[in-house]
Amino acid sequence: MRVVAAFWVLNYVNAMTRRSIILHPDPRLKKTCPPVETVDDDIRALADDMLETMYEAPGVGLAAPQVGVLKRVFVMDCNREDAGKEPTVCINPEIISASEVMVTSEEGCLSIPDIYDDVTRPETVRLRFLDRNGKVEERDLDGLWSTCAQHELDHLNGKLFIDYLGAVRRTMITNRMKKVKKEKARA
Ligand code: GNR
Ligand code: NI
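Residues numbered from 1 in each chain as written. Chains lettered and ligands numbered in written order. Predicted model: local features only at pLDDT ≥ 70, side-chain atom pairs only at ≥ 80, totals over all residues. Heavy atoms only, no water.

1. Focus: the pattern of salt bridges
- Applying the stated rule across the entire model yields 14 salt bridges.
- Of the charged contacts in the structure, one is a salt bridge between Asp 49 and Arg 19, with a shortest N-O distance of 2.8 Å. Of the two residues, Asp 49 sits in helix α2 (residues 41-56) while Arg 19 sits in the loop between α1 (2-14) and α2, which places them 30 residues apart along the sequence.
- Between Arg 169 and Asp 117 there is a salt bridge, with the nearest N and O atoms lying 2.6 Å from each other. (Salt bridge = Lys/Arg side-chain N within 4 Å of Asp/Glu carboxyl O. Helix = DSSP H or I, 4+ residues; strand = E, 2+ residues; numbered from the N terminus.)

What follows is the structure, given as structure tokens:
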């Protein structure tokens, strides 16, 4: 009995729970999220859940509003599998500088599954954020790390990658997603 109880406590403390990912269109994906005031155990639990959800999806990034939490938190890991895991938690992230050079790459979003399109963004950015211990970090990002961080930061400001596309394409995608959500609700 004591063993069971101890296991339950341990499991409770370390539990990483998969959360469900909100699909576009949804008003929660259009909100500007307020900053985190204190990096406490609740925020760390949220970040752990988000990492679990992201790896399981699978995706290379996930922003808190995508799991219905309107806070300035995102997680990412853009390492190739052979480079090992690099789970990265970014709280109150800010881009403090961006290259003038722009690059176009194909993006997708876990809130808009199976749809991909080209988005043009600064090639490199310097990102300042609080890590999971509340410590200020700064990182120079390029390649997928740069694209992903910009995509995630957009989520915290209520912006999706389809907002960079033309109105016709965006409307088509939104209508397709409404249909997907309706079919999911019926299933
Ligand atoms: O998993 C994801 N892949 C991706 C690919 C190109 C550019 C951005 C991304 S982020 C996306 C996960 C997601 O929706 N994060 O918000
Ligand atoms: Ni996304």
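2. What about the coordination of the nickel ion (ligand 2)?
- Here the nickel ion (ligand 2) is held by the protein donor atoms Cys 109 (SG), His 151 (NE2) and His 155 (NE2), which lie 2.1 to 2.4 Å from it.
- In primary-sequence terms, the residues that donate to the nickel ion (ligand 2) follow C-x41-H-x3-H. Of this pair, His 151 and His 155 both sit in helix α3 (residues 143-156), four residues apart, roughly one helical turn. Of the two residues examined, His 151 and His 155, each falls in the buried class. (Donors = N, O, S within 2.8 Å, 3.2 Å for Na, K, Ca; no water. Buried < 20%, exposed > 50% of the residue type's maximum accessible area, 1.4 Å probe, protein only.)

3. Side note on α3
- Helix length check: α3, at 14 residues, gives a terminal C-alpha distance of 21 Å against a target of 20 Å (1.5 Å per residue), a fit within 8%.
- Here α3 lies mainly inside the structure; twelve of its 14 residues are buried.
- All of the buried residues along α3 are Trp 145, Ser 146, Thr 147, Cys 148, Ala 149, Gln 150, His 151, Glu 152, Leu 153, Asp 154, His 155 and Leu 156.
- Gly 158 sits one or two positions beyond α3 and adopts a positive phi of about 75°. (Expected span 1.5 Å × (residues − 1).)

4. Regarding the nonpolar core
- Grouped together as the largest cluster of nonpolar side chains are 16 residues, with contacts concentrated most on Leu 46, Met 50, Val 73, Val 75 and Ile 91.
- Take this core: its biggest share by element is six residues, from α2.
- The residues contacting Met 50, other than those within four sequence positions of it, are Leu 62, Ala 63, Ala 64, Val 67, Val 73, Phe 74 and Val 75.
- Of all hydrophobic cores here, the second largest spans 14 residues; its members include Cys 90, Leu 141, Cys 148 and Ala 149. (Core = buried A, V, L, I, M, F, W, Y, C linked by side-chain atoms within 4.5 Å. Contact = heavy atoms within 4.5 Å.)

5. Regarding the site of ligand 1
- Lining the immediate surroundings of ligand 1 are 13 residues, of which Val 60, Gln 66, Leu 110, Glu 152 and His 155 lie closest.
- The separation between an oxygen atom of ligand 1 and a polar side-chain atom of Gln 66 is 2.8 Å.
- Coverage of ligand 1 by the protein amounts to 89% of the 380 Å² it exposes when considered alone.
- Every element with two or more residues in the shell around ligand 1 is listed here: β4 (102-109) and α3. (Near = heavy atom within 4 Å. Polar contact = N/O pair within 3.5 Å; in protein donor to acceptor, adjacent residues only side chain to side chain. Areas by Shrake-Rupley, 256 points an atom, 1.4 Å probe, with all protein chains shown as cover.)

6. A short note on the sheet that holds strand β3 (residues 88-98)
- Here we have five strands laid out as an open sheet, ordered β1-β2-β3-β6-β7, and antiparallel in their pairing. Two strands bound the open sheet, and with one partner strand each, they are β1 (61-63) and β7 (136-141). On average, each strand axis in the sheet is inclined to that of its neighbour by 40°, with strand direction left out of account.
- Sheet topology note: the strand β2 (residues 73-76)/β3 ladder contains four bridges and is antiparallel. In the strand pairing of β3, Phe 74 is matched with Cys 90.
- The sheet strands contacting α2 are β1, β2 and β3, and the helix crosses β2 at an angle near 40°.
- Here α3 sits on the sheet in contact with β1, β2, β3, β6 (125-130) and β7, set at roughly 155° to β2. (Pairing = 2+ DSSP bridges. Axes fitted to C-alpha atoms, helices over the stretch in contact; angles between N-to-C directions.)

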